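Close look at the chain arrangement
Chain by chain, the residues run as shown.
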Amino acid sequence: MRILDLGDTAFTVEFGDRIDPALQAQVNALDAALSAAAGAGHLPGLIEWVPTFRSLTVILDPVVADRTAIEALVRDCLSRHHDTQSTPVRQWRLPVIYGGESGPDLVSVAQAAGLTPDEVIARHTAQDYVVYMLGFLPGFPFMGDVPSALRLPRRAEPRVRVPAGSVAIANAMTAIYPWESPGGWHLLGRCPAPLFDPAREVPALLAAGDRVGFEAVSATDMADIEADLAAGRLDPQDWLVSS
Amino acid sequence: MSQLTVLSPGVMSTIQDVGRRGWRRAGVPWSGALDAALLALANALVGNALDAPAIECLDGGLKLGATDGPVMVSIAGDASIDRIDQGGAVSSMAPWRSHVLAPGEQLRLRDTGDRRVCMIGVAGLSLAPVLGSCATYARAHLGGFDGRALAAGDRLPAADAAGPIRLLPSPPTVSNTPIRVVPGPQSDHFTGAARERFVSQTWQVSPEADRMGLRLAGEALAHVDAAHREIVSDAVVPGAIQVPGNGLPIVLLADSQTAGGYPKIGTVISADLGRMGTLKPGTQVHFEWIGVDAAIEAARVAAAQRATLISGIRSVRDDSVVDLDALYGNNLLSGMVNALNPDTGDKSDA
């Protein structure tokens, strides 16, 4: 474990440099311990903290905070044994329309992988993915691990505009873009799930630790799903298989 | 209730406050004013809470008009501003003070001065916060006015102008000393020569500079090797300096994403981030390494200086008559001498 300075407003507790479930467990344990400590008060100037794949970044107000005390608290949290109490894993099954306008890179991914487009869809839908972290954009889930046959580096030419809802892959990760943005991942399809809504009590639909499976649906089914969502007949929570 | 109507939004004008804290773990950037000091001053000049929302004008062109009732506005920034009365007559409006726009009067921001940002404070500007803040984050339609940058025809609800006109006697000057940077978190991904080159060379702010970040043009910085050009994404904050494979730094600003996969050579200290974020494209900039303890001290000094500036704000007796006591007593214009009483003038330039 290393503590890395991120300027005067933050420091990063780095557990390792790779994506690894063991590192993720350490991040989760520190996250839980900090929540408990913050819940008890006594941390003036602590603004927020951000868990990622392999590290946790603590953000503070340098004018108010006692950085030494907060670092000591982090070390204390790490040295003590914390039960990573097993919260029930939420399991999602999200609909995706693959290929065509919704997934303009399906064909090129298939070519690069030496597969047919249907085989790419079959492999992308054959397993569940773990949400490692949210980041980059509000509600954007970094999910792994993509089967090795589908792992490709990011596009050499990132798109200026990736449409909201795009289901994409890059290296070992898959994701859904909650918002239109620039992006360099390969677009396989589109998912209608509203991933971030500030009006909800918990604005982000997915959370780190969730498991997500994808289900290929036809254009007709997707039109029905989108109409039901728009009319309020379908609640995103309906895609929760178990919790 | 009065309103401030956007007649022209200029290049890019948004509602900003101190930003949206607490949601980075869900991928939500802070947003907020590019220069928090300008926000506090703009609000203090109209009698608002210092963290209240104000209008951030990027690159000028903003035109506003009072509707229904008088609106008190203020200008924080070395801007050139016109007042256009109901009859179309144009006069100039001084920055660093508040003004009352009568119904039908307009304010036109011609130029933002040496920096690319000017904050317009609006007395009683009232908008609904989203996730605890009125800051606009347009990419996810959060906050501000309808979740987007201002557009012509937008009507911002404001209080009817009341209270005194206020003036900042000694406006802050923009320093051109090097921007201070704390090394890390991935400074070990760069060669020693690259770390030295980062602080020895003159960088130029590229035209690719927005609220999310700005790119620097200069001699590329070498990573240790190809394997050190990327990292498994970890968290970033405004001020973090990412260096992608092409070796040209990107300084992250208020709308910075929450995580990134490029190594970070260092982080601009919070005391210098407002200056960094408001540099005009084409401007030359230098950096200087500083330790984290010195950076924390700099943050405290900056906070104290801001408090002193704000406590120096005073009321002007009449909107139409310049308060000479305030003007000459506080060196509003450096080097100016009051011909009627030369001894009170500032002779520091002599």
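Just above sits the structure.
Description of the structure in this document. Here the structure is a predicted model, which means the values were calculated and not measured. (Residues numbered from 1 in each chain as written. Chains lettered and ligands numbered in written order. Predicted model: local features only at pLDDT ≥ 70, side-chain atom pairs only at ≥ 80, totals over all residues. Heavy atoms only, no water.)

**Thoughts on the overall build of chain B**
Applied cut-off: A run of DSSP states H or I qualifies as a helix once it reaches four residues; a run of E qualifies as a strand once it reaches two. Both are numbered from the N-terminal end. Our radius of gyration is a C-alpha quantity, and the globule rule it is checked against amounts to 2.2 Å times the number of residues to the power 0.38. Residue burial is assigned from relative accessible area. The probe radius is 1.4 Å, only protein chains are included, and a residue is buried under 20% of its type maximum, exposed over 50%, and partly exposed in between. Contact definition: two residues touch when any of their heavy atoms are within 4.5 Å. Note on areas: Shrake-Rupley with a 1.4 Å probe; residue coverage comes only from the protein chains shown. Under the convention used here, Asp and Glu are negative, Lys and Arg are positive, and both His and the chain ends fall outside the count. Just so you know, the charge point we use is NZ for Lys, CZ for Arg, CG for Asp and CD for Glu.
When helices and strands are counted, chain B shows five helices and 23 strands. In summary, chain B has a C-alpha radius of gyration of 21 Å against a globular reference of 20 Å for 350 residues, a match within 12%. Considered along the principal axes of its C-alpha atoms, chain B spans approximately 65 × 50 × 30 Å. Buried positions account for 54% of the 350 residues belonging to chain B. A separation of at least 24 residues holds for 74% of the contacts in chain B among residues at least 6 apart in sequence. As displayed, chain B has an accessible area near 13600 Å², and 52% of this comes from carbon and sulfur atoms. Side chains of chain B give 29 positive and 35 negative charges; the mean places of these two sets differ by 3 Å.

**Quick notes on the environment of Leu30 of chain A**
Residues and elements named next belong to chain A. Within the secondary structure, Leu30 sits in helix H1 (residues 21-39). For Leu30, a relative accessible area of 1% puts it in the buried group. Between the C-alpha atoms of Leu30 and Leu78, which are 48 residues apart in sequence, the distance is 6.5 Å. Dropping the residues within four chain positions of it, Leu30 is found in contact with Val13, Phe15, Leu56, Val74, Cys77 and Leu78.

**Side note on the side chain of Gln16 of chain B**
Residue placement: Gln16 of chain B occurs in strand S2 (residues 12-16). For Gln16 of chain B, the contacting residues outside a window of four places in its chain are Ser31, Gly32, Ala33, Leu39, Ala52, Pro53, Ala54, Glu56, Met119, Ala135, Thr136 and Arg211 of chain B.

**Focus on the nonpolar core**
Short version of the rule: Residues enter a nonpolar core if they are buried and are Ala, Val, Leu, Ile, Met, Phe, Trp, Tyr or Cys, with the set joined through side-chain atoms within 4.5 Å.
Grouped together as the largest cluster of nonpolar side chains are 59 residues, with contacts concentrated most on Leu94, Trp185 and Phe214 of chain A. The next biggest cluster of nonpolar side chains, apart from the first, holds 42 residues, and it includes Trp96, Val181, Val205 and Leu221 of chain B.

**Some words on the interface of chain A and chain B**
Operational definition: Here's the idea: put two parts together, see how much 1.4 Å probe accessible area each one loses, and the total over both is what we call buried area. By salt bridge we mean one thing: a side-chain nitrogen of Lys or Arg within 4 Å of a carboxyl oxygen of Asp or Glu. Whenever a nitrogen or oxygen atom comes within 3.5 Å of another N or O atom, the pair is scored as a polar contact, on the condition that within protein one atom can donate a hydrogen and the other can accept it, and that pairs from neighbouring residues in sequence are kept only if both atoms are in side chains.
Taken together, the 44 residues of chain A in the interface contact 45 residues of chain B. For the pairing of chain A and chain B, the buried interface totals around 3400 Å² over both sides, and the portion due to carbon and sulfur atoms is 63%. Of all residues in chain A, Leu6, Asp8 and Glu48 of chain A bury the most surface against chain B, accounting for 17% of the area lost on that side. The tally of links between chain A and chain B comes to four salt bridges. Between Asp31 of chain A and Arg25 of chain B there is a salt bridge, with its nearest N and O atoms 2.7 Å apart. The interface formed by chain A and chain B contains 14 residue pairs in polar contact (both at pLDDT 80 or more). At the level of secondary structure, the elements contributing two or more residues to the side of chain A that touches chain B comprise strand S1 (2-5), strand S2 (10-14), strand S3 (46-51), strand S4 (55-60), strand S6 (128-134) and strand S11 (181-183) of chain A.

**Quick look at H1 of chain A**
An α-helical segment advances 3.6 residues per turn. Residues three or four places apart therefore align on the same side. All names here are of chain A. Rules: Any helix carries an expected span of 1.5 Å times its number of residues minus one.
A rise of 1.5 Å per residue sets the reference length of H1, with its 19 residues, at 27 Å; its end C-alpha atoms lie 27 Å apart and thus fit the reference within 8%. Within the span of H1, buried status applies to Leu23, Gln24, Val27, Ala29, Leu30, Asp31, Ala33, Leu34 and Ala37. The inward-facing, buried residues of H1 abut S2, S3, S4, helix H2 (67-79) and S6. Looking at where H1 begins, the residue whose side-chain oxygen comes 2.8 Å from the main-chain nitrogen of Ala22 is Asp20.

**A look at the pairing of strand S4 (residues 62-67) of chain B**
Successive side chains on a regular strand alternate, one facing one side of the sheet and the next facing the other. Residue and element names in this part refer to chain B. Note the threshold: DSSP-based pairing: two strands are paired if at least 2 bridges between them are found.
With five of its six residues buried, S4 lies for the most part within the structure. One ladder, built from six bridges, connects strand S1 (residues 2-9) with S4; its direction is antiparallel. Opposite Thr5, over in S4, you have Gly65 as the bridge partner. Direction of pairing for S4 relative to strand S9 (residues 106-111): antiparallel, over a ladder of three bridges. In the strand pairing of S9, Lys63 is matched with Arg108.

**Details of the sheet that holds strand S5 (residues 71-76) of chain B**
Residue and element names in this part refer to chain B. Defined as follows: A fitted line through C-alpha atoms represents every axis, and for helices the fit uses only the stretch in contact; the resulting angles, taken between N-to-C directions, go from 0 to 180 degrees.
Pairing is antiparallel across the open sheet formed by five strands, whose spatial order is S2-S3-S10-S5-S8. Both edges of this open sheet fall to S2 and strand S8 (98-101), since each of them pairs with a single strand only. Taking the axes of each pair of neighbouring strands and ignoring which way they run, one obtains an average angle of 25° across the sheet. Its contacts with the sheet place helix H1 (residues 36-46) against S2, strand S3 (54-58), S5, S8 and strand S10 (117-122), and it is angled at close to 145° to S5.

**So, the packing of H1 of chain A against H2 of chain A**
All names here are of chain A. Definition in use: Orientation labels follow simple angle bins: below 35 degrees gives roughly parallel, above 145 gives roughly antiparallel, 65 to 115 gives roughly perpendicular, and whatever is left gives oblique. The sense of a crossing depends on the near helix, which, turned anticlockwise from the far helix by less than a right angle, makes the crossing left-handed and, turned clockwise, makes it right-handed. Charged residues are taken to be Asp, Glu, Lys and Arg, nonpolar residues to be Ala, Val, Leu, Ile, Met, Phe, Trp, Tyr, Cys and Pro, and polar residues to be all remaining types, Gly included.
In the contact formed by H1 and H2, the axes pass within 9 Å of each other and the chain directions differ by 125°. Classified by the angle between their axes, H1 and H2 sit oblique to one another. Like other packed secondary-structure pairs, H1 and H2 cross with a definite hand, here right-handed. Contacts from Leu30, Ala33, Leu34 and Ala37 in H1 reach Leu73, Val74, Cys77 and Leu78 in H2. By residue class, the composition of the contact of H1 with H2 is eight nonpolar, no polar and no charged.

**Structural notes on the packing of aromatic side chains**
Note the threshold: Centre distance within 6.5 Å is the pairing criterion for rings of Phe, Tyr and Trp, where only the six-membered ring of Trp is used; planes under 30 degrees apart are then read as stacked, over 60 as edge-to-face, and the remainder as tilted. For a Lys NZ or an Arg CZ to count as sitting over a ring, it must be within 6 Å of the ring centre and within 35 degrees of the ring normal.
Applying the stated criterion across every chain, the model contains 12 aromatic pairs over all chains. Ring plane angle 80° and centroid distance 5.3 Å describe the contact between Phe136 of chain A and Phe140 of chain A, whose orientation is recorded as edge-to-face. What links up through ring pairs into an aromatic cluster is the set Phe53, Tyr132, Phe136, Phe140, Phe142, Tyr177 and Trp185 of chain A. Over the ring of Trp30 of chain B we find Arg21 of chain B, and its NZ or CZ is 4.0 Å from the ring centre.

No statement about biological role is implied by the geometric values presented.
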